[in-house]
Amino acid sequence: MTGRDGGADLRPIGNSPVVILVRPQLADNIGACARAMANGGLFHMRLVAPRDGWPQEKAWRNASGADRLLDAATVHPTVADAVADLHHVFATCPRPRHIVKPVLTARGAAAELRLITGRGLRAGILFGPERAGLDNDDMAQADTLVRYPLNPEFMSLNLAQAVMVLAYEWWTAADGTPPNVLVTHESPVADKAALENFLVHLVDQLDACGFLRNLPKRPGMIRNLRHLFQRGEVTEQELRTLHGVVTELAIGRRRRGRLEPEDADPSRDG
């Protein structure tokens, strides 16, 4: 019907939450939501009374390959019908007023969703229409509200952005990627012995060329060099390169007769 080629081979990953788009207005936004869901490992989409009906080809065109989420999406006449088989329902809202319910951040909601779904229970998240968001009757169907801690002077998100924030937090809540990784291109980080060997080589050549000739300042200058190389995780390949640099500088200096005279004035700064 839509002429699409099927998109990526996406499937449900475990007991993931259902994303429920309440009265979505634009097919483009529904497609963008599917794309955001796929990024975060979410698969199940439900549409409550989409304004322009369903299906809409524009949604597939804007899903960037997340076609299978749209193929599997279901349509419901009311929020109550969309959440009928769920055990816990979360609802996103910008400013909860006159409502007594727990309010979580996106990160807190993701952690709670992980606990709920880990117990084998089914959960869903309500996202409101693009223009006005969820109304009080919609939020009455939810156990918990979700509010994103954004710039209070500008908290405007489009529908797909709102879904993306929650999808990202859902994924990272169980992801083991370390927050800080040094990419070494298969060269291991040098150990302290290798680093000390290089520093001995470097200091030896700095003594030979006269850079460390100011004896009162020499210990401090060596400490500064040590701090420089100890500050980061230098790789073995980088140390080999630095060894080569120091060696070639020494060879070049000897070949060109640029050795410092032994009786150089020691009062000059290095």
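Residues numbered from 1 in each chain as written. Predicted model: local features only at pLDDT ≥ 70, side-chain atom pairs only at ≥ 80, totals over all residues. Heavy atoms only, no water.

Caption draft 1: Representation of the side chain of Thr144 within the structure. Within the secondary structure, Thr144 is located in strand 7 (residues 144-146). For Thr144, the residues in contact, after removing those within four places along its chain, are Val89, Phe90, Ala91, Pro102 and Leu104. (Helix = DSSP H or I, 4+ residues; strand = E, 2+ residues; numbered from the N terminus. Contact = heavy atoms within 4.5 Å.)

Caption draft 2: Inspection of the pattern of salt bridges at higher detail. If you walk through the whole model with that rule in mind, you get 11 salt bridges. Glu169 serves as the salt-bridge partner of Arg107, at 3.1 Å between the closest nitrogen and oxygen. Of this pair, Arg107 sits in helix 5 (residues 106-118) while Glu169 is found in helix 7 (residues 159-172), placing the two residues 62 residues apart along the sequence. For Glu169, a relative accessible area of 10% gives the class buried. The shortest N-O distance in the salt bridge between Glu196 and Arg226 comes to 2.5 Å. Highlighted residues: Glu196 in helix 8 (residues 192-209) and Arg226 in helix 9 (residues 218-230), separated in sequence by 30 residues. Judged by its relative accessible area of 32%, Glu196 falls in the partly exposed class. Taken together, the salt bridges that share partners define one network made up of Asp9, Arg11 and Arg68. (Salt bridge = Lys/Arg side-chain N within 4 Å of Asp/Glu carboxyl O. Buried < 20%, exposed > 50% of the residue type's maximum accessible area, 1.4 Å probe, protein only.)

Caption draft 3: Structural detail: the packing of helix 5 against helix 7. One way to put it is that helix 5 packs onto helix 7 with a least axis distance of 8 Å and a crossing angle of 55°. Between helix 5 and helix 7, the crossing angle belongs to the class labelled oblique. Here helix 5 and helix 7 pass one another in a crossing that is right-handed. For the pair helix 5 and helix 7, the contacting residues are Ala106, Arg107, Ala109, Ala110, Leu113, Arg114 and Thr117 in the first and Val165, Leu166, Glu169, Trp170 and Trp171 in the second. A per-class count over the contact of helix 5 with helix 7 returns 8 nonpolar, 1 polar and 3 charged. (Axes fitted to C-alpha atoms, helices over the stretch in contact; angles between N-to-C directions. Parallel < 35°, antiparallel > 145°, perpendicular 65-115°, else oblique. Left-handed = near helix turned anticlockwise from the far one by under 90°. Nonpolar A, V, L, I, M, F, W, Y, C, P; charged D, E, K, R; others polar.)

Caption draft 4: Just the sheet that holds strand 7, in detail. Sheet architecture is open: 7 strands sit in the order 3-2-1-6-4-7-5, paired in parallel fashion. The open sheet is flanked by strand 3 (74-76) and strand 5 (103-104), the only strands paired with a single partner. Against the sheet, helix 5 contacts strand 4 (88-92), strand 5, strand 6 (123-127) and strand 7, and its axis sits at roughly 165° relative to strand 4. Across the sheet, helix 7 lies against strand 1 (18-22), strand 6 and strand 7, angled at about 150° from strand 6, the strand it touches most. (Pairing = 2+ DSSP bridges.)

Caption draft 5: Broad picture of the nonpolar core. One finds Leu21, Met45, Leu70, Phe127, Val163 and Leu166 to be the most contacted residues of the largest nonpolar core, which totals 38 residues. Sequence-distant contacts of Leu70, that is, excluding residues within four places in its chain, are made with Ile30, Gly31, Ala34, Met45, Trp54, Ala59, Trp60 and Ala63. (Core = buried A, V, L, I, M, F, W, Y, C linked by side-chain atoms within 4.5 Å.)

Caption draft 6: Spotlight on the pairing of strand 1. In terms of burial, strand 1 is a largely internal element, 5 of the 5 residues being buried. The side-chain alternation of strand 1 yields two buried faces, one formed by Val18, Ile20 and Val22 and the other by Val19 and Leu21. Of the strand pairs in this sheet, strand 1 and strand 6 are connected by 4 bridges, and their pairing is parallel. The residue of strand 6 that forms the bridge with Val19 is Ile125. Of the pairings in the sheet, the one linking strand 1 to strand 2 (residues 45-48) comprises 4 bridges and is parallel in character. Paired with Ile20 across the bridge in strand 2 is Arg46. With helix 1 (residues 27-39) bridging strand 1 and its parallel neighbour strand 2, the resulting β-α-β unit is right-handed. (Right-handed = clockwise from strand over helix to strand, strands pointing away.)

Caption draft 7: Quick peek at unusual backbone geometry. Omega for the peptide link from Trp54 to Pro55 comes to 5°, which places this bond in the cis form. Structurally, Pro55 is set in the loop between strand 2 and helix 2 (57-61). The phi dihedral of Glu186 is positive, around 70°, even though this residue is not glycine. By the element assignment, Glu186 lies in the loop between helix 7 and helix 8.

Caption draft 8: Representation of the environment of Tyr148 in the model. Mapped onto the elements of the fold, Tyr148 is located in the loop between strand 7 and helix 7. With relative accessibility at 8%, the residue Tyr148 sits in the buried group. Sequence separation between Tyr148 and Leu104 is 44 residues, and the spatial gap between their C-alpha atoms is 8.1 Å. Not counting chain neighbours up to four residues away, the residues in contact with Tyr148 comprise Thr92, Ala106, Phe127, Met155, Leu157, Ala162, Val165 and Leu166. Only 2.6 Å separates the side chain of Tyr148 from the backbone oxygen of Ala162, close enough to count as a polar contact. (Polar contact = N/O pair within 3.5 Å; in protein donor to acceptor, adjacent residues only side chain to side chain.)

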